[in-house]
Amino acid sequence: MAPKRARPSPVWDFMEKVSPTLVKCIVCNSHLSYNKCTSTMMKHLKTKHPIEFNGSYQTTPPQPTGTTISVTDNGHGQQGEVAAPEVGIQPTLKDVFSKREVYKDGGHKKQQLDSLVVKMIVKDMQPLSVVEDEGFRELVTGLDPRYTLPSRRDLVRTHLPRLFQLEKQRLHEELASANYIALTTDIWTSRQTRGYITVTAHYILPRWSLQSCVLETARLKKEHTAENIADEIRRVCNEWDVLHKACCIVTDNGANIVAAVTKCLQIKQVPCFAHTLNLVVQSAIKNSEEVRKVREKVKAIVTFFHHSVKASDKLAEKQEEKGLQKKKLITDVDTRWNSIYYMLERFDEQYEVITTTLCLLGKHQMCLSSDELETVKNTVQVLEPFEEATREMSAEKITTLSKIIPLIRALQDCTVTRKASIFSLCDELQKQFTKKFTGMEANFHIAAGTLLDPRFKKVPFADSGNSKMIEERLIKIMKPAVGNEGDQQASSSIVTHQESQTPERKKTLWKMFDEKVERTVKAGQSYSAGPHIDMRRYLEEPLTAREADPI
């Protein structure tokens, strides 16, 4: 008898041989190399044609067990019937792949997939129990049946510690390459009333990219005195070897943490602008009687809808009738002034359906009068630039120190232009600005940051004497590095502002600044650049677009 021929691979149902070294896919007419191995064709079919790959097909009709077939002369003059061999359904490619061995522990593919799972858990803040979830396990099996997820125990004992050490080593090397590091720190309390301190580092790499990283979040078990806070910050910084590189530490205005930085650590302390701005707005709203009363009344309405299923369902019904997007009302939080703005903004947006719903529920006494509604609208208009400023200063990937003086001026200008619309709030905001932000232009670190930012330079300064003083001090710092080139009179320069290609969502905050830049261009205003040629050349250069990255 002739030897039994091997069954051809099912992949040939979708391929045809063009030459001894070339095959063609009959699905997409693509040509593939062929060296007597079907792995390339299988990979093509699996990635390009998953339906065909997963499809069920047969090349030979199944024959029931026990049937017979006729046999003619076999060379010995014999004829008759013999039992037909069992012929099963040919397996699909999916079945072929699923029967292959699983990835071995310690193998390259297993380690690669384990690493991706751990990184997903870390990046997406997933619980470790996700590897035990039935749905997730089914998903992974469907994607690759040969891969077995690591157990929760393996994650805790092996994978996470290994990833932590790798990341720690990488960050140590990155911090070592930075010349100067700015730190931010804050003390906060968890829901379990436990005290914690977080220390974050901000630095510029040699390739001129701004980076931020959390060095540590540590439990504060001791009393929150200046000495104890300083000891904890010192411990974290020494562990990362960055204390000697710390040029300043940004904190809130708490007396204990300010003393820890300035007196105990003797490092320059920069007050958090967003935190100070929060105090300004909170105090202004508290001292403005008309705004405070309206805020309390709106909050009572929002609380009513949050606590009543019937009321919230009725509100959603009326929103649908009016063709409005279904939005829940927002309540304010005492520690975040922005929440007041968001609450009043949403209330003003949904005022008509809110009032209709209250009347239908027999809550007429809760409705706002026309004067109170006008106060809501004016308050939203006044606070809009403050919300934009807070959002800008909360970014991580852009420099923020140089924006403090421009933002203070911009917010003051916005407050003055709106003073006639709601006098009490604007008046209180101006009082709080004077109280909290006086002397910012004379603060060397903040003013130098603004002057050296190519987007701003001297334009935001209200007092030209302050910018001149900062300029001269910078020149003295520069001289040891570049040499004294002698006093030279600066030539006249015109400051220009490049048009931004990126549209802004809101223009209320920066409108006055942009108009001042345009007036400066038209007037051909000159600036005295001082004796240093480099400083003169820098100040004579056109302003960079305000939306650009100053680094």
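Details of the structure are given in the entry above.
Reading the values: rules and limits
Residues numbered from 1 in each chain as written. Predicted model: local features only at pLDDT ≥ 70, side-chain atom pairs only at ≥ 80, totals over all residues. Heavy atoms only, no water. Helix = DSSP H or I, 4+ residues; strand = E, 2+ residues; numbered from the N terminus. Buried < 20%, exposed > 50% of the residue type's maximum accessible area, 1.4 Å probe, protein only. Contact = heavy atoms within 4.5 Å. Areas by Shrake-Rupley, 256 points an atom, 1.4 Å probe, with all protein chains shown as cover. Expected span 1.5 Å × (residues − 1). Bend = angle between axes of the 7 residues up to and from the residue. Pairing = 2+ DSSP bridges. Right-handed = clockwise from strand over helix to strand, strands pointing away. Axes fitted to C-alpha atoms, helices over the stretch in contact; angles between N-to-C directions.

> How should the overall build of the protein chain be read in this particular structure?
Scanning the protein chain for helices and strands turns up 20 helices and 10 strands. For the protein chain, the residues scored as buried account for 39% of the 551 residues in total. Expressed as a percentage of contacts within the protein chain between residues at least 6 apart in sequence, the contacts between residues at least 24 apart total 63%. Carbon and sulfur atoms make up 52% of the accessible area of the protein chain, which totals about 32,100 Å².

> Before we go on, may I ask you to explain helix 6 (residues 152-177) in this structure?
Each α-helix turn comprises 3.6 residues. Residues three or four places apart therefore point the same way. Counted at 1.5 Å a residue, the expected span for helix 6 with its 26 residues is 38 Å, and the 36 Å between its end C-alpha atoms agrees. Taking the largest bend as the criterion, helix 6 deviates by roughly 35°, centred on H159, and proline P161 comes between one and four positions later. Considering only its buried residues, helix 6 is in contact with helix 4 (108-123), strand 6 (181-189), strand 7 (195-204), strand 8 (210-219) and helix 7 (226-240).

> What am I meant to see in the pairing of strand 9 (residues 246-251) here?
Here is the key point about a regular strand: its side chains alternate between the two faces of the sheet. Pairing analysis gives 4 bridges linking strand 6 to strand 9, with the strands arranged parallel. Across the sheet, the residue bridging to A182 is C248, located in strand 9. Judged from the 3 bridges that link them, strand 9 and strand 10 (residues 269-271) form a sheet pairing that is parallel. Counted as the bridge partner of V250 is V270 from strand 10. For the segment spanning strand 9, helix 8 (residues 255-264) and strand 10, crossover handedness is right-handed.

> It is not clear to me how the pairing of strand 6 should be interpreted in this structure. Could you clarify?
Taken together, the 9 bridges between strand 6 and strand 7 define a ladder with antiparallel strand orientation. Considered in strand 7, the bridge of T189 is made with G195. Counting the residues that bridge the hairpin from strand 6 to strand 7 gives 5 residues, and of these T193 lies at a positive phi of roughly 55°.

> Before we go on, may I ask you to explain the sheet that holds strand 7 in this structure?
Paired through backbone hydrogen bonds, the strands of a sheet run either parallel or antiparallel to each other. With mixed pairing, the 5 strands of this open sheet are ordered in space as 8-7-6-9-10. Edge positions in the sheet fall to strand 8 and strand 10, since each of these pairs with one other strand and no more. Each strand axis lies, on average, 25° off the axis of its neighbour in the sheet, ignoring direction. Contacts between helix 7 and the sheet are confined to strand 6, strand 7, strand 8 and strand 9, with strand 8 contributing the most and set at about 125° to the helix. Contacting strand 6, strand 9 and strand 10, helix 8 crosses the sheet at an angle of about 175° to strand 9.

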